[in-house]
Amino acid sequence: HKQNSPPTQTSNQDNAQQKPRLDLRDAPDRKTFYDRPSSPLATLETWILEQNCRLLTIAGMAGTGKSAIARHLIPQIQTQFDRIIWRSLRTSPPLETTLKTLIQFLSNRTDISLPANTDAQLSILIEILRENRCLIILDDVQQILSSGQLAGHYKPGYENYGTLFKLIGEIPHNSCLILNSWEPPSDILTFTDDNSAVCLLQLTGLGEVATEIRREKGLLDEEYWTKLMELNQGNPLWLKLVAQTINNLFDGKVSQYLSYQPVFLGDELTPILQQHYQRLSEIEKQAIGLISNETEPLSLTQFMAKCQGSQVELFKAIQSLDRRGMIEKLSCEAETVFTIPPVLKQYVKMIGE
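**Some thoughts on the packing of aromatic side chains**
Right, so step 1: For the structure shown, the criterion picks out 5 aromatic pairs.
Right, so step 2: Ring centres 6.1 Å apart and planes at 45° place the aromatic pair Tyr161 and Phe165 in the tilted group. In this pair, Tyr161 and Phe165 are both assigned in helix H5 (residues 160–170), 4 residues apart and thus about one turn of the helix distant.
Right, so step 3: For Phe165, a relative accessible area of 0% translates into the label buried.

Have a look at this one:
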């Protein structure tokens, strides 16, 4: 499958030599890819091909590169699979719709008659995953998860997706399901620690690799690039949006952009931060608001002393924010301290004014 060829290959194009069958109509284009020093691409390849991971979740805030990593992974491992399909859940399709799409493509039978019972459909899918080595990528999984609750809870009516994920993770087969999501479904976390067939990759920023983006965008004042990276937590999308602002308003001068406090977030980045903030539960909003008002990272002890609410609920809020990638843990000699990305901190303070 060449990069410039049509993204979808149907059964009419299949032949004896062609492997695998691909349906990438929902997949993004393969664009410039920025790998990290920790090389998550190599990690994913190891988990899938050597560890035989059956259920893999790539989690991280918008713009961290979840879809890009999954898209660039496909050419590296596609010869090991018989069928590969990419579907987005951005429109929150019911499980029945998703199952029908997957079964029709993976079985290579668009005329297949499916039972009305969801459990029976799941059984058919599992049998296909046993008979063929299939790679399924489900993108935008956060769209079937609830807002206003702690991370990972399903929207009403979408709980049966949890059954799909549980079956694929627990029942032996040679296929793999990759989930791309802003946050991991909570039930997946119950069997990731002691099950090598179920893995979670939490994406963060690019680190020093972000220098490539700043150089590509023609930004000046290289001595300020590290500070700019820290401001945006090395998030590839956030960096690109901020670089546009710097080029448009400050002729590429990073030092001039950073001299204005608070820095200007721009109309492109603010809606992205708003989407993440609106998904939070009230206790999470309380926690992130408190941290935003602090100039230094907070330890758990300090956090508990300042925040209202029961200790159990506050622990859950911190854990949930961590799963969403919206809080940073820093190791100190005495105890772990917490902070949030400066850009997110600025947004929270802005809406609180």
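**Describing the sheet that holds strand S5 (residues 176–181)**
Right, so step 1: Pairing is parallel across the open sheet formed by 6 strands, whose spatial order is S1-S3-S4-S5-S2-S6. Every interior strand has two partners, whereas the edge strands, strand S1 (21–23) and strand S6 (198–202), have only one. If you compare each strand with its neighbour and ignore which way they point, the axes differ by 10° on average.
Right, so step 2: As defined by bridge partners, S1 adjoins strand S3 (residues 83–88) across 3 bridges and the pair is classed as parallel. Residue pairing for S3: Arg21 is matched across the bridge by Arg83.
Right, so step 3: Strands strand S2 (55–59), S5 and S6 of the sheet are contacted by helix H1 (residues 40–50), whose axis makes an angle of about 175° with S6.

**Structural notes on the pairing of S2**
Right, so step 1: Most of S2 is tucked away: 5 of the 5 residues are buried.
Right, so step 2: Burial of S2 is two-sided: the residues Leu55, Thr57 and Ala59 facing one way and the residues Leu56 and Ile58 facing the other way are all buried.
Right, so step 3: Relative to S5, S2 is paired through 5 bridges, and the arrangement is parallel. Bridge assignment links Leu56 to a residue of S5, and that residue is Ile178.
Right, so step 4: Where S2 meets S6, 5 bridges bridge the pair, whose relative direction is parallel. Across the sheet, the residue bridging to Ala59 is Gln202, located in S6.

**Thoughts on the sheet that holds strand S9 (residues 337–339)**
Right, so step 1: Taken in spatial order, the 3 strands make up an open sheet running S7-S9-S8, and their pairing is antiparallel. Strand pairing shows two members of the sheet lacking a second neighbour, strand S7 (298–299) and strand S8 (328–330), which therefore form its edges.
Right, so step 2: Pairing of S8 with S9 involves 3 bridges; the strand directions are antiparallel. Its bridge partner lying in S9, Glu328 is registered against Thr339.

**Topic: helix H10 (residues 269–278)**
An α-helix turns once per 3.6 residues; consequently, residues spaced three or four apart project the same way.
Right, so step 1: Among the residues making up H10, those that are buried are Leu269, Ile272, Leu273, His276 and Tyr277. Considered in projection along H10, the buried side chains sweep an arc of 135° and stay on one side of the axis.
Right, so step 2: Packing partners of the buried residues in H10 comprise helix H8 (236–250), helix H11 (282–292) and helix H14 (342–352).

**Regarding the side chain of Lys66**
Right, so step 1: Positionally, Lys66 belongs in helix H2 (residues 66–77).
Right, so step 2: It is Asp139 that comes nearest to the buried, bridge-free Lys66 among opposite-charge side chains, at 6.8 Å.

Criteria and cut-off values
- Residues numbered from 1 in each chain as written.
- Predicted model: local features only at pLDDT ≥ 70, side-chain atom pairs only at ≥ 80, totals over all residues.
- Heavy atoms only, no water.
- Phe/Tyr/Trp six-rings, centres within 6.5 Å; stacked < 30°, edge-to-face > 60°.
- Helix = DSSP H or I, 4+ residues; strand = E, 2+ residues; numbered from the N terminus.
- Buried < 20%, exposed > 50% of the residue type's maximum accessible area, 1.4 Å probe, protein only.
- Pairing = 2+ DSSP bridges.
- Axes fitted to C-alpha atoms, helices over the stretch in contact; angles between N-to-C directions.
- Contact = heavy atoms within 4.5 Å.
- Arc of directions from axis to C-beta.
- Lys, Arg positive; Asp, Glu negative; His and termini not counted.
- Salt bridge = Lys/Arg side-chain N within 4 Å of Asp/Glu carboxyl O.

So yeah, pure geometry; function would need other evidence.
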